[in-house]
Amino acid sequence: MTLIPEFCAWLENTSVGTAIRQSTWLFPAIETLHVLATVMVVGSVTMLDLRLLNVAWRDRSIREVHEDVLPWTWSSFAVAAIAGSLLFSSSATKYYHNLPFRMKMVLLVLIAINAAFFETRTYRRIGNSNDEAQISFGAKIAGAVGIVLWIAVVACGRWIGFTK
Amino acid sequence: MIQSFCDWLSNTSLSLTIQTVMWIIPAVQTIHILCVAVVMSCMAMLDLRLIGVAGKRQPISRMVSKFVPWVWGALPVLLTTGIILTIGEPSRELLNPYFRAKMLMLAIVTGITFVVQRQNKKDTSFWELRRGTAATAGAFSLLLWVGIITAGRWIAYY
């Protein structure tokens, strides 16, 4: 069980982690990038989730919205994840012991499970129709769960900044 | 003058409540960021469409009428949560150059968005027929939104 704490100790002593910790502007600059990418992830995926719930974009098929929106989500997520990892490396041990940080990571795993289940099962059964009757109960659940989990991720992310 | 206003505001009972109840500021900031997510994703997609690099499957007019109402819906919530945060920490915001830059950029981008929407309402082919102007408006809008988020985050580091 000492593997993760040892990794954290190693990570924050790398030249990257040290540089971000010691610089006055690197942390806020990377954090700004993290926030920019995060709002794009949450905003874009919420468009799909609201379509799945049949709340928004009702005149377009789920397939079309899925194709238009998810490239934004994935590319933004890549940026958010890299920037987030860099922020983590500046004080890895501190974040590892931080409750909202841990909750955020668990929530991201739940989001991955929800997305994987939707992509591999529910989405495959959705046709090209934009008829409300075509939206399965499973798709609506995936959309609702996605929205709730992302709101919780943002809340935990913000909460990290208010804890020691 | 602003300083004395901040001093007065931070001693009102409303401000003192926001300052002392630990969860209010993080909770309000969370709502603020979620609304920023709505605005930023809508505007990034619309602006890149105006510039002509993304979303070409849909006409500009449809994207304007689809996305801009979400911005007008989110802005009042952003304003309300922003005011609550400002009442809680007046001098952190009102005396902060990043905050002032953010408000200035917000005023300009609101004007651009208003004009984009108004011309689109008058004539749905307006922006399709003026690709250069559309691209310029989109580029300025995108830069301003990125600037607003950047300034917003840097308020905390002044």
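Residues numbered from 1 in each chain as written. Chains lettered and ligands numbered in written order. Predicted model: local features only at pLDDT ≥ 70, side-chain atom pairs only at ≥ 80, totals over all residues.

Some thoughts on the overall build of chain B
Looking only at helices and strands, chain B has seven helices and zero strands in total. Along the chain direction, N to C, the helices and strands of chain B fall in the order α-α-α-α-α-α-α. For the C-alpha atoms alone, the extent of chain B along its principal axes is close to 55 × 30 × 25 Å. Out of the 158 residues in chain B, the part that is buried amounts to 32%. Intrachain contacts of chain B at a sequence separation of at least 6 include 80% that bridge at least 24 residues. (Helix = DSSP H or I, 4+ residues; strand = E, 2+ residues; numbered from the N terminus. Buried ≥ 20, exposed ≤ 12 C-beta atoms within 10 Å, placed from the backbone. Contact = placed C-beta atoms within 7 Å.)

What about the overall build of chain A?
Helices and strands together make up the secondary structure of chain A, namely seven helices and zero strands. Ordered by position from N to C terminus, the α and β elements of chain A give α-α-α-α-α-α-α. The principal-axis extent of the C-alpha atoms belonging to chain A is close to 55 × 35 × 25 Å. Every one of the 164 residues in chain A was classed for burial, and the buried ones make up 35%. In chain A, of all internal contacts separated by at least 6 residues, the share reaching a separation of at least 24 is 79%.

Quick word on the environment of A:Y96
Residue and element names in this part refer to chain A. Tracing the backbone through its elements, the reader meets Y96 in helix α5 (residues 92-96). Classification of Y96 by C-beta neighbours within 10 Å gives partly exposed; the count is 18. Sequence separation between Y96 and S75 is 21 residues; the distance between their C-alpha atoms is 26 Å.

A closer look at the nonpolar core
Ranked by internal contacts, the top residues of the largest apolar core, which has 67 residues, are A:V39, B:V39 and B:M40. At the level of elements, α3 (26-52), α4 (62-90), α6 (99-122) and α7 (137-160) of chain A together with α3 (24-51), α4 (60-88), α6 (97-122) and α7 (131-154) of chain B are the ones that each hand at least two residues to this core. Here the element with the most residues in this core is α3(B); it accounts for 14 residues. Setting aside anything within four residues of it in sequence, one finds B:M40 in contact with A:V39, A:M40, A:G43, B:W145 and B:I149. (Core = buried A, V, L, I, M, F, W, Y, C linked by C-beta atoms within 7 Å.)

Focus on the interface of chain A and chain B
Facing 18 residues of chain A, the contacting portion of chain B comprises 20 residues. Secondary structure elements with two or more residues in the side of chain A that touches chain B: α3 and α7 of chain A. Looking at the side of chain A that touches chain B, the element that brings in the most residues is α3(A), giving eleven residues. Its residues assigned to classes, the side of chain A that touches chain B comprises twelve nonpolar, three polar and three charged. (Nonpolar A, V, L, I, M, F, W, Y, C, P; charged D, E, K, R; others polar.)

Section: the packing of α3(A) against α4(A)
All names here are of chain A. Contact pair α3 / α4: the axes reach a minimum separation of 7 Å and the direction vectors enclose 155 degrees. Looking at the two axes, α3 sits roughly antiparallel to α4. Where α3 crosses over α4, the two elements pack in a sense that is left-handed. Class assignment of the residues belonging to the contact of α3 with α4 gives a composition of 21 nonpolar, eight polar and two charged. (Axes fitted to C-alpha atoms, helices over the stretch in contact; angles between N-to-C directions. Parallel < 35°, antiparallel > 145°, perpendicular 65-115°, else oblique. Left-handed = near helix turned anticlockwise from the far one by under 90°.)

Structural notes on the packing of helix α2 (residues 15-22) of chain A against α4(A)
All names here are of chain A. In the contact formed by α2 and α4, the axes pass within 7 Å of each other and the chain directions differ by 80 degrees. Judged by the inter-axis angle, α2 sits roughly perpendicular to α4. Between α2 and α4, the contacting residues are V16, G17, I20 and R21 on the first element and L86, S89 and S90 on the second. Classifying every residue of the contact of α2 with α4 by side-chain character gives three nonpolar, three polar and one charged.

Quick word on unusual backbone geometry
Residues and elements named next belong to chain A. Positioned with a positive phi, N54 is a non-glycine residue whose angle comes to about 65 degrees. Inspection of the secondary structure assignment puts N54 in the loop between α3 and α4. Non-glycine residue W57 carries a positive phi angle of around 55 degrees. Residue position: W57 is located in the loop between α3 and α4.

A word on α7(B)
Taking 1.5 Å of rise per residue, 24 residues should cover 34 Å, and α7(B) covers 34 Å from first to last C-alpha, within 8% of that figure. Taken together, the buried positions of α7(B) are occupied by B:A134, B:A137, B:G138, B:S141, B:L144, B:W145, B:I148, B:I149, B:A151, B:G152, B:R153 and B:W154. Tucked inside the fold, the buried residues of α7(B) contact α3 of chain A together with α3, α4 and α6 of chain B. (Expected span 1.5 Å × (residues − 1).)

Here's the deal with the confidence of the model for chain B
Put simply, chain B has an average pLDDT of 96, and 100% of its residues get 70 or more. Here the prediction assigns the complex a pTM of 0.94, and the interface score ipTM is 0.94. (pLDDT = per-residue confidence, 0-100.)

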